[in-house]
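Letter by letter, the chains look like this.
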Amino acid sequence: MVGIDGNFFMKAAYYREYWTRHGYYRADDLPITVTIEHSVHGIKHFWYHHNLWPTH
């Protein structure tokens, strides 16, 4: 794994959603930056669970 495409998180935030390993959730009450942080956190946990996220 080299990196991630930030367009995924930006587009989800634009539609007022964030992603977790359990699916998409509405983020109507969150600022866009927090929405993106939630998505990054969710994808990190998903990849880490599948041994694809670097450990250091």
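Just so it is clear, the structure is predicted and the values come from calculations on it, not from any experiment.

Each value, and the rule that gives it
- Residues numbered from 1 in each chain as written.
- Predicted model: local features only at pLDDT ≥ 70, side-chain atom pairs only at ≥ 80, totals over all residues.
- Heavy atoms only, no water.
- Core = buried A, V, L, I, M, F, W, Y, C linked by side-chain atoms within 4.5 Å.
- Buried < 20%, exposed > 50% of the residue type's maximum accessible area, 1.4 Å probe, protein only.
- Helix = DSSP H or I, 4+ residues; strand = E, 2+ residues; numbered from the N terminus.
- Contact = heavy atoms within 4.5 Å.
- Phe/Tyr/Trp six-rings, centres within 6.5 Å; stacked < 30°, edge-to-face > 60°.

### Remarks on the nonpolar core
No. 1: Residues Phe9, Ala13, Trp19, Ile36, Ile43 and Trp47 constitute the largest nonpolar core, which totals six residues.
No. 2: Elements supplying a minimum of two residues to this core: helix H1 (6-14) and helix H2 (32-49).
No. 3: If one sorts the elements of this core by residue count, H2 sits on top with three residues.
No. 4: Residues contacting Trp19, with those up to four places away along its chain left out, are Phe8, Tyr24, His38, Ser39, Gly42, Ile43 and Phe46.

### Focus on the packing of aromatic side chains
No. 1: Counting across every chain of the model gives three aromatic pairs.
No. 2: Judged by centre distance (5.2 Å) and plane angle (80°), the ring pair of Tyr14 and Tyr15 falls under edge-to-face.
No. 3: Take Tyr15: its relative accessible area is 48%, and that puts it in the partly exposed class.

### Focus: unusual backbone geometry
No. 1: A positive phi angle, near 60°, is found at Arg16, a position not held by glycine.
No. 2: Of note, Arg16 is situated in the loop between H1 and strand S1 (17-20).
No. 3: By relative accessible area, which is 23% here, Arg16 ends up partly exposed.
No. 4: With a phi angle near 55°, Asn51 is a residue other than glycine that sits in the positive phi range.
No. 5: Among the secondary structure elements, Asn51 is positioned in the segment after H2.
No. 6: Asn51 gets classed as exposed once you look at its relative accessible area, which sits at 71%.

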